[in-house]
Amino acid sequence: MNLLLRKRAEPGSLHATVTGPFTLDEAKRTFLEILEAIAQHQIDKVLIDGREIEGEPTTIQRFIYGEFAATATRTLGERVALPKTPQFAYVLQEPVLDPMRFGETVAVNRGMHVKAFDDLEDAFRWLGVDDDTHKGAD
């Protein structure tokens with residue numbers, strides 16, 4: 001079974017919901033789809049709601065994904081003129097959410113503007129996006 005991605009663009013922001021079983025290949029595929037939506041809509045704030053992703057990524061998978069996401073985001077910035085560097089907020093639940101935020105650290109250390117949360121409202125606040133705009137997204 002694959003990860004299912006639903007996305008909804010609003011002026012300046014994208015709300016993506018990801019559900020299903022985690023695999024590294026599927027996580028990469030869905031992230032690339034999100035990047036394409038960013039390019040298409042010229043969006044700089046992205047909320048990725050992965051609270052319904054199932055599984056427990058390994059430490060090496062977290063590293064590989066963080067490195068992949070940062071590299072893919074940088075490549076997008078080189079390929080497409082975006083208004084600003086995209087800001088990503090991931091909303092996850094343990095065990096997909098690593099309490100130590102290793103994947104986040106890997107991505108940040110490679111230049112990505114990203115933060116992981118366990119609370120949807122905290123993620124919207126950090127992005128500076130009105131969560132009422134995204135009610136009923138998907």
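Worth saying up front: this structure is predicted, and the values here are computed from it rather than measured. (Residues numbered from 1 in each chain as written. Predicted model: local features only at pLDDT ≥ 70, side-chain atom pairs only at ≥ 80, totals over all residues. Heavy atoms only, no water.)

Trainee: What is the right way to read the nonpolar core from this model?
Mentor: Counting residues in each nonpolar core, the largest one holds 34 residues, and the members touching the most others are Phe31, Ile34, Phe88 and Tyr90. For this core, the elements supplying multiple residues, two or more each, are β2 (13–21), α1 (24–41), β3 (45–54), α2 (59–79), β4 (87–91) and β5 (113–117). The element that contributes the greatest number of residues to this core is α1, accounting for eight residues. Not counting residues within four places of it along the chain, the set of residues in contact with Ile34 comprises Leu5, Leu14, Ala16, Val46, Ile48 and Phe88. (Core = buried A, V, L, I, M, F, W, Y, C linked by side-chain atoms within 4.5 Å. Buried < 20%, exposed > 50% of the residue type's maximum accessible area, 1.4 Å probe, protein only. Helix = DSSP H or I, 4+ residues; strand = E, 2+ residues; numbered from the N terminus. Contact = heavy atoms within 4.5 Å.)

Trainee: Please explain the sheet that holds β4 as it appears in this structure.
Mentor: Strands in a sheet are paired, the pairing made by backbone hydrogen bonds, and the direction either parallel or antiparallel. Pairing is mixed in the open sheet, where five strands are placed in the order β1-β2-β3-β4-β5. With one partner strand each, in any of the chains shown, β1 (4–10) and β5 form the two edges of the open sheet. The average undirected angle you get between the axes of adjacent strands in this sheet is 15 degrees. Examined bridge by bridge, β3 and β4 share five bridges and lie parallel to one another. Counted as the bridge partner of Asp49 is Val91 from β4. Running over the sheet, helix α4 (residues 120–127) touches β2, β3, β4 and β5 and is turned about 175 degrees from β4. (Pairing = 2+ DSSP bridges. Axes fitted to C-alpha atoms, helices over the stretch in contact; angles between N-to-C directions.)

Trainee: I'm lost on unusual backbone geometry in this one. Help?
Mentor: For residues other than glycine, phi is negative in most cases, and the peptide bonds are mostly trans. Cis rather than trans, the peptide bond between Glu94 and Pro95 has omega equal to 10 degrees. Tracing the backbone shows Pro95 in the loop between β4 and α3 (102–109). With phi around 55 degrees, Gln42 is a residue other than glycine that occupies positive phi space. In this structure, Gln42 sits in the loop between α1 and β3. Owing to a relative accessible area of 34%, Gln42 belongs among the partly exposed residues under this scheme. The backbone of Arg101 sits at a positive phi, close to 55 degrees, despite the residue not being glycine. As for its placement among the helices and strands, Arg101 is situated in the loop between β4 and α3.

Trainee: Mind showing me how you'd approach the environment of Thr17 here?
Mentor: Secondary-structure assignment places Thr17 in strand β2. When the C-alpha atoms of Thr17 and Glu52 are compared, they prove to be 8.5 Å apart, with 35 residues separating the residues in sequence.

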